[in-house]
Amino acid sequence: MAIPGSIAPSLSLRRSTQSGNKAMSAAYVAVYSDSSTAPWMFVSGEIDLSTMQVGDSIDIRVRKTMASGGTAIVDDTKTYTDAQPAGHQSTHIGSIINVYGVEISMRQTAGVLRTLNCEFFDAKRLGL
């Protein structure tokens, strides 16, 4: 027998289909971009920098949109140069709670263009 009542909305954590190998270019290219009609969470991102070599320079930028129909603003940008240390060959992007949009983009400004493996996780309300 079912018991009447209400259930609070739940978030469904998932690995984003935007995860995978991303080829670098000289201009910023979005490697993850998402939004929703209700509050949601970009949970995390991991970017493998192990293919970088001496002379490489890669910028990773996080932007978010703060209002419906608004323009994306830069939240953070970080530059990685040369081969990364053996004990720290990836970078982590932490969680962002949002409604209107989160974008992660990358570009390579020096060196031979690389391909980086990226893994992104997000959580949205069940049913959206």
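In short, a report on the structure. (Residues numbered from 1 in each chain as written. Predicted model: local features only at pLDDT ≥ 70, side-chain atom pairs only at ≥ 80, totals over all residues. Heavy atoms only, no water.)

1. Regarding the packing of aromatic side chains
- A complete count under the given rule lists 3 aromatic pairs for this structure.
- Residues Tyr 32 and Phe 120 carry aromatic rings whose centres are separated by 5.3 Å and whose planes lie at 50° to one another, so their mutual orientation is tilted. A residue pair is termed long-range when its members are at least 10 positions apart, and Tyr 32 in strand β3 (residues 29–34) and Phe 120 in strand β10 (residues 115–125) qualify at 88 residues.
- A relative accessible area of 0% means that Phe 120 is categorised as buried.
- Cluster of aromatic residues (ring-pair linked, three or more members): Tyr 32, Phe 42 and Phe 120.
- When the ring centre of Tyr 28 is taken as origin, the NZ or CZ atom of Arg 61, which lies over that ring, is 3.8 Å away. (Phe/Tyr/Trp six-rings, centres within 6.5 Å; stacked < 30°, edge-to-face > 60°. Helix = DSSP H or I, 4+ residues; strand = E, 2+ residues; numbered from the N terminus. Buried < 20%, exposed > 50% of the residue type's maximum accessible area, 1.4 Å probe, protein only. Lys NZ or Arg CZ within 6 Å of the ring centre and 35° of its normal.)

2. A word on the pattern of salt bridges
- In this structure the tally under the stated criterion is 9 salt bridges.
- Between Arg 15 and Glu 119 there is a salt bridge whose closest N-O contact spans 2.9 Å. Of this pair, Arg 15 sits in strand β1 (residues 11–15) while Glu 119 sits in strand β10; the two residues are 104 residues apart in sequence, bridging distant segments of the chain.
- Using a relative accessible area of 31% as the deciding quantity, one classes Glu 119 as partly exposed.
- Close ionic contact of Lys 124 with Asp 34 constitutes a salt bridge, the shortest N to O distance being 2.9 Å. Highlighted residues: Lys 124 in strand β10 and Asp 34 in strand β3, separated in sequence by 90 residues. (Salt bridge = Lys/Arg side-chain N within 4 Å of Asp/Glu carboxyl O.)

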